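Here is what each chain is made of, one letter per residue.
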Amino acid sequence: MERENHFTSRMLTCAGALMAVSGVLMALCVRLAYGSILLASAACMFLTAHSFRIAENQKESEETDDE
């Protein structure tokens, strides 16, 4: 069974997308302040996913260099 190298970054991206959608809906339906809080946390999720992707790529390149 092959290990999925980018699982963590993909799941964080999905969570960020869901949070962004809920942020937009909250901004439209409830209050702009609540929506902006969710949009800011979605941006943090996307940046975290990007950091994980960079770390996963570096680890993957180190493993291929060792072989």
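Each chain carries its own residue numbering, running from 1 in the direction its sequence is written. Local features in this predicted model are restricted to residues whose pLDDT is 70 or higher, and side-chain atom pairs enter the listing and the counts only when it is 80 or higher, whereas totals over whole chains, interfaces and linings include all residues. Hydrogens and water are ignored here; the side-chain numbers use all heavy atoms of the structure.

## Some words on the overall build of the protein
In DSSP terms, a helix is any run of H or I states spanning at least four residues, a strand is any run of E spanning at least two, and both are numbered starting from the N terminus. A tally of helices and strands in the protein yields 2 helices and 0 strands. Just to be clear, the radius of gyration here is over C-alpha atoms, and the globule rule we use is 2.2 Å times residues to the power 0.38. Scaling as 2.2 N^0.38, a compact globule of 67 residues should have a C-alpha radius of gyration of about 11 Å, whereas the protein reaches 16 Å, well beyond that. Structurally, the protein occupies a C-alpha span of about 55 × 20 × 10 Å along its principal axes. Here the term buried applies to any residue with accessible area under 20% of the maximum for its type, exposed to any over 50%, and partly exposed to those in between, with areas from a 1.4 Å probe on protein chains only. Every one of the 67 residues in the protein was classed for burial, and the buried ones make up 13%. Only heavy atoms matter for contacts: two residues are in contact if any of them lie within 4.5 Å across the pair. In the protein, of all internal contacts separated by at least 6 residues, the share reaching a separation of at least 24 is 65%. Positive charge is attributed to Lys and Arg, negative charge to Asp and Glu, and no charge count is given to His or to the chain ends. Charged groups are reduced to one reference atom each: NZ for lysine, CZ for arginine, CG for aspartic acid, CD for glutamic acid. Computed over 5 positive and 9 negative side-chain charges, the separation of the two mean positions in the protein equals 16 Å.

## Points about the state of the cysteines
Cysteine sulfur atoms are paired as a disulfide whenever they come within 2.5 Å of each other. If you walk through the whole model with that rule in mind, you get 0 disulfides. Cysteine 14 takes part in no disulfide bond, and the closest cysteine sulfur to it belongs to cysteine 44, at a distance of 18 Å. For cysteine 14, a relative accessible area of 42% translates into the label partly exposed.

## Description of helix 1 (residues 7-29)
In this scheme, a helix's expected span is set at 1.5 Å multiplied by one less than its residue total. Taking 1.5 Å of rise per residue, the 23 residues of helix 1 would be expected to cover 33 Å, and the 33 Å separating its terminal C-alpha atoms lies within 8% of that figure. If you check which residues of helix 1 are buried, you get Ser9, Leu12, Gly16 and Gly23.

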